[in-house]
Amino acid sequence: MRKGIAFGVATALAVAAMVLGAFGVLIESGSRSHGHLDRYASAAAVVHGEQSVTVVTGSGDNKSSESRPLTEPNRVPVAQAAGLRAVAGVRDVIADFSVPVVPVVAPVSSSVSNSVSSSVSNSVSDSVSDSVPDSVPNSAPTLTGHGWDSAKLTPTTLTSGQAPSSPHDIVLDTNTATRLGVKPGSEISLQIDRAPDDYRVSGISTGGPPATLYFTQQQAETLSGHPDRADALVVLPASGAHVSTSALRHAAPGLDVATGAARGDVEHPQIQAGRADNLASFGTLGGAALLVALLVVSGLLELSVRQRTRELAMMRAVGATPRQVRRIVVRELLRIAVPSALVGGVAALGLGALLKTVMASQGVLPADFTLALSPIPVFGSALITVLAAVGTGWLASRRVSKIKPVQALGETAVEPTRLPRWRVVTGLVFTALGASMLVLTFAASGPAAASALPGLVISLMWAVALLGPWIARAGIRVLGAPLRRLSPIAGGLAAASARAAAVRMAAVITPTALALAFGGTQLFAQTTTANATSAQARDGLHAAQVLTSSGPGIPHAVYDAAKALPGVADVTAVKRTTVVMPVWNLDTSAQSLQAQGIEGGAANTLDPKLTAGSLAGLNEPGTIALSSAVSHNTHVGDTRQLWLGDGTPVTLKVVALYDRGLGFGDVLLPRSLVAAHATTQLDDYLLLNNRADLAPLTTSFAGLHAATSADFSKALTDQTRHDNLVGLIAVLAITGFILVGVVTTLGVATASRRRELTLLRLIGATRDQLLQALRLETAIILATGIATGAATAGLTLFAYAAGVIGLHLLSIPPLAALALLSAIAAPATAAVLLPGRQILRRAARIE
């Protein structure tokens with residue numbers, strides 16, 4: 001194998017191993033990552049409610065179970081602490097409560113208030129905080145409040161003052177007290193679950209976690225809203241004693257006992273809540289990367305073996321057996337593939353770390369997400385890459401190794417015009433499979449239709465790869481005549497060369513089409529989803545004003561105060577959560593669904609595009625409204641079982657069905673039901689049906705901001721785009737690999753034509769004519785590949801929009817499409833012309 005071709009193959013294999021290994025790093029990290037131990041580091045164990053639910057679906061032989069994570073804490077009865085204290089070796093059991101607290105300092109101008117930043121999770125509030133009065137209470141960064149008993153979990157000591165002794169006493173850590181400018185005896189205003197209230201700083205502590213304050217234990221229990229149920233029961237061991245985990249489980253039946261690194265998951269529940277979804281996302285993207293790698297590598301290696309047809313045919317002619325020929329090919333590939341795959345596998349650790357850093361910096365992975373680096377993804381990705389390379393090389397060498405020696409020399413002159421039967425049959429099978437997926441997408445709707453899309457695009461791309469020579473010949477027939485008219489000599493050379501080497505053309509058309517099909521489908525499916533979310537929220541929000549908060553949420557007292565404002569007829573309080581519900585998705589499976597709890601005059605403030613029933617029914621307990629995407633054969637009056645955010649199972653009566661699930665969530669519930677099973681009692685936003693003066697609210701409560709419904713809808717769109725960043729970043733990595741495959745394949749294809757171009761130069765073709773012919777042949781390749789990729793992406797996006805969202809909401813931004821086309825065309829053109837110029841320059845020296 002020539003050095004240039006060997007280098008191209010080695011580069012593609014190394015990049016394939018690197019991309020596959022990077023997703024392996026993320027998958028391993030997701031399965032092994034635990035939250036960082038802070039307050040629970042000294043605990044022997046942490047007793048908590050199970051943070052997942054197991055849903056059993058089907059019946060009889062078709063019965064199956066599926067586990068889904070919970071997004072709200074599954075709290076534990078405080079009464080269980082007594083039994084745990086009786087376990088041998090236990091010194092104490094702390095009932096831990098957590099309450100978000102917003103310190104309120106002196107009023108400031110609106111320009112200063114609006115500059116206060118908040119976390120990514122409050123990005124919607126940040127985006128709409130442009131309409132506040134001239135003077136509002138300024139909120140400092142949110143603190144976390146605990147009961148004074150929780151101070152025993154860390155080496156917390158009082159540096160001044162005393163422990164809290166009355167409901168309005170608090171202890172602050174040193175850094176927070178310095179930032180707020182308070183000392184023992186100072187008064188400070190705190191906003192928790194109602195309007196800001198005054199508290200007295202009884203003491204200053206050190207040694208505990210930052211941004212923490214302590215109430216009396218009883219006050220923390222009261223402020224949590226669930227005084228009889230703690231976030232967790234933290235078991236502290238006696239000095240030098242061993243606490244039996246099995247004894248703790250026996251003392252707390254029905255509860256989970258976390259030890260070791262798992263204690264961090266209880267302390268940072270967002271890690272555990274996101275683990276299942278992260279693993280699913282990384283696994284799906286890793287699987288896509290594997291299929292893409294197989295397509296790119298197979299085409300490249302088939303091309304590299306084909307360019308050696310003359311050499312292999314000569315071996316057959318002088319007596320080499322088919323097995324010997326195949327062994328030669330496999331050995332050469334092993335010499336290239338093994339070191340290349342190992343280099344790529346090692347580089348995968350760096351790429352995985354980079355992807356994790358970028359995702360974490362954008363807030364799409366928890367800040368506590370820990371990267372796990374081990375040899376498993378290194379050797380795993382290397383092994384997959386080597387096996388793919390050897391298998392592809394072996395298959396590519398079978399035909400030339402099996403032909404008769406007398407025929408072997410003839411095979412070196414002209415490509416066979418007929419495809420092998422197995423290739424035609426397999427290609428037609430994939431075409432039929434893609435067609436069935438397309439029919440399913442149109443016949444089904446919602447999640448069932450969405451689940452068919454990955455199979456649709458992968459099936460079509462494998463069909464393109466297998467039937468590529470047919471597609472190449474069709475492209476040549478369509479484009480050959482115009483090119484000959486444009487440039488009779490160069491156009492004729494380009495068309496003749498392409499027609500004689502349709503198999504070679506197919507090898508370079510496939511990655512070009514794949515880059516556009518994969519990149520376009522993934523990118524524009526996200527823009528379509530964002531566009532649909534914006535449109536549904538914009539059309540469905542009838543509120544004149546929307547109140548949001550730059551802090552942890554809006555106290556429900558704001559809702560009561562807003563109803564009392566002059567000129568306000570309807571106010572709707574909205575609280576978000578996630579529920580788990582069986583949903584029909586080709587078959588019935590448990591899914592985590594976005595839900596909203598609403599209270600108040602929703603009929604006049606939001607319109608989710610009802611198809612049956614009325615939102616007024618949500619004012620009654622035990623009711624639910626469902627979007628059309630998840631309602632499958634459900635009617636008003638039916639009942640549906642689901643699990644609330646903390647895992648509580650409920651069976652609710654359906655009172656309404658609606659279409660705008662992207663804008664308002666797939667499930668609407670009574671706000672009181674959501675709040676009773678949520679992390680806090682705070683609302684996420686309020687909807688008001690007129691432009692009343694909100695100064696009484698924004699001056700009485702900290703962190704409130706008012707915006708129009710249009711601004712709020714735009715903020716929701718931005719949040720949707722942000723939520724899709726995991727897929728977008730991963731798609732960019734996979735598409736980058738495809739582009740490497742495009743460039744490498746085109747470079748190998750051009751380098752393998754050294755003899756052809758040199759002969760054309762020697763028989764009289766000028767250098768300019770051959771360069772122009774290469775340009776025109778590149779145009780045939782790119783035009784055919786882009787047309788094929790665009791057709792695949794367009795068909796998939798059309799099916800997605802028509803079957804899932806609505807065809808009128810399909811969104812393909814022209815600038816993004818142009819950028820994608822440029823990213824494919826520019827390096828592909830360079831990959832042909834640069835080696836072509838070098839070959840012609842050497843040919844001129846020979847001449």
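Because the structure is predicted, anything quoted here is derived from the model rather than measured.

As a further point, take a positive patch on the surface. A cluster of basic residues, Arg323, Arg327, Arg331 and Arg335, forms a positive patch at the surface. Within the secondary structure, Arg335 sits in helix 11 (residues 322–361).

To continue, consider the environment of Glu50. The residue Glu50 is located in the loop between strand 1 (45–48) and strand 2 (52–57) in this model. Among all residues touching Glu50, those that are not within four sequence positions of it are Leu70, Asn74 and Asp256.

Per-residue pLDDT for the chain averages 82, and the proportion of residues at 70 or more is 88%. Here residues 107–136 is a poorly scored stretch, pLDDT under 50, and it has 56 contacts once near neighbours within four places are set aside; other chains count.

Right, let's get into the packing of helix 16 (residues 468–486) against helix 17 (residues 488–500). For any two helices packed against each other, one specifies the inter-axial angle together with the distance between the axes. Put simply, helix 16 and helix 17 touch, their axes get as near as 6 Å, and they point 160° apart. By the angle between their axes, helix 16 is roughly antiparallel relative to helix 17. As for how helix 16 packs across helix 17, the hand of that crossing is left-handed. Residue-level contacts link Ile476, Gly480, Leu483, Arg484, Arg485 and Leu486 of helix 16 to Pro488, Gly491, Gly492, Ala495, Ala498 and Arg499 of helix 17. Taken together, the residues that form the contact of helix 16 with helix 17 break down as six nonpolar, three polar and three charged.

This next bit is on the sheet that holds strand 5 (residues 90–96). Read from one edge of the open sheet, four strands run 5-15-1-16, paired in antiparallel fashion. At either margin of the open sheet sits one strand with a lone partner, and together these are strand 5 and strand 16 (256–258). If you compare each strand with its neighbour and ignore which way they point, the axes differ by 25° on average. The pairing of strand 1 with strand 15 (residues 232–237) spans three bridges and is antiparallel. In the sheet register, Ala45 faces strand 15, and the bridge partner there is Val235.

Our next topic: the packing of aromatic side chains. Using the criterion set out here, one finds three aromatic pairs in the structure. Ring geometry for Tyr199 versus Phe215: centroids 5.8 Å apart, planes at 65°, classification edge-to-face. Of this pair, Tyr199 sits in strand 12 (residues 197–206) while Phe215 sits in strand 13 (residues 212–215), placing them 16 residues apart in sequence. In this structure, Tyr199 and Phe215 share a single accessibility class: buried. Seen in terms of ring centroids, Phe430 and Trp462 are 6.0 Å apart; in terms of plane orientation they differ by 20°. Their pairing is stacked. Linking Phe430 in helix 14 (residues 421–443) with Trp462 in helix 15 (residues 446–466), this pair joins segments that are 32 residues apart in sequence. Trp462 sits in the buried class, given a relative accessible area of 18%.

On the secondary structure map, Gln536 appears in helix 18 (residues 502–540). A distance of 3.4 Å separates the side chain of Gln536 from the backbone nitrogen of Gly661, its partner in a polar contact. Ignoring sequence-local partners within four residues, the contact set of Gln536 consists of Asp659, Arg660, Gly661, Leu662, Gly663 and Phe664.

Under the counting rule described, the total for this entry stands at nine salt bridges. Here Asp92 and Lys152 are joined by a salt bridge, their closest N and O atoms 3.4 Å apart. Highlighted residues: Asp92 in strand 5 and Lys152 in the loop between strand 8 (143–147) and strand 9 (157–161), separated in sequence by 60 residues. Among the salt bridges present, the one from Arg671 reaches Asp683, with a minimum N-O distance of 2.7 Å. Taken together, the positions of Arg671 in helix 22 (residues 671–675) and Asp683 in the loop between helix 22 and strand 25 (685–688) put the pair 12 residues apart, joining distant regions of the chain. Judged on exposure class, the residue Arg671 and its partner Asp683 are both buried. Where salt bridges share partners, they join Arg85, Asp92 and Lys152 into one cluster.

The next point concerns helix 6 (residues 217–224). With six of eight residues buried, helix 6 lies mostly within the body of the structure. Of the residues making up helix 6, those classed as buried are Gln217, Gln219, Ala220, Glu221, Leu223 and Ser224.

For Ala211, which is not a glycine, the phi torsion comes out positive at approximately 55°. Position of Ala211 relative to the elements: it lies in the loop between strand 12 and strand 13. A positive phi is found at Lys609, a non-glycine position, where the angle reads about 65°. As for its position among the elements, Lys609 is in the loop between strand 19 (587–600) and strand 20 (610–613). According to the relative accessible area criterion, Lys609 is partly exposed, its value standing at 43%.

Between helix 17 and helix 18, the least distance of the axes is 5 Å, while the angle of their chain directions is 90°. By the criterion of interaxial angle, the relationship of helix 17 to helix 18 is roughly perpendicular. On helix 18, the residues that touch Ser497, Ala498, Arg499 and Ala500 of helix 17 are Ala502, Arg504 and Met505. Here the residues of the contact of helix 17 with helix 18 are counted per class, giving four nonpolar, one polar and two charged.

What counts, and at which threshold
Residues numbered from 1 in each chain as written. Predicted model: local features only at pLDDT ≥ 70, side-chain atom pairs only at ≥ 80, totals over all residues. Heavy atoms only, no water. Patch = residues over 30% accessible without salt bridge, like charges linked within 9 Å, V, L, I, M, F, W, Y side chains within 5 Å. Areas by Shrake-Rupley, 256 points an atom, 1.4 Å probe, with all protein chains shown as cover. Salt bridge = Lys/Arg side-chain N within 4 Å of Asp/Glu carboxyl O. Lys, Arg positive; Asp, Glu negative; His and termini not counted. Charge placed at Lys NZ, Arg CZ, Asp CG, Glu CD. Helix = DSSP H or I, 4+ residues; strand = E, 2+ residues; numbered from the N terminus. Contact = heavy atoms within 4.5 Å. pLDDT = per-residue confidence, 0-100. Axes fitted to C-alpha atoms, helices over the stretch in contact; angles between N-to-C directions. Parallel < 35°, antiparallel > 145°, perpendicular 65-115°, else oblique. Left-handed = near helix turned anticlockwise from the far one by under 90°. Nonpolar A, V, L, I, M, F, W, Y, C, P; charged D, E, K, R; others polar. Pairing = 2+ DSSP bridges. Phe/Tyr/Trp six-rings, centres within 6.5 Å; stacked < 30°, edge-to-face > 60°. Buried < 20%, exposed > 50% of the residue type's maximum accessible area, 1.4 Å probe, protein only. Polar contact = N/O pair within 3.5 Å; in protein donor to acceptor, adjacent residues only side chain to side chain.

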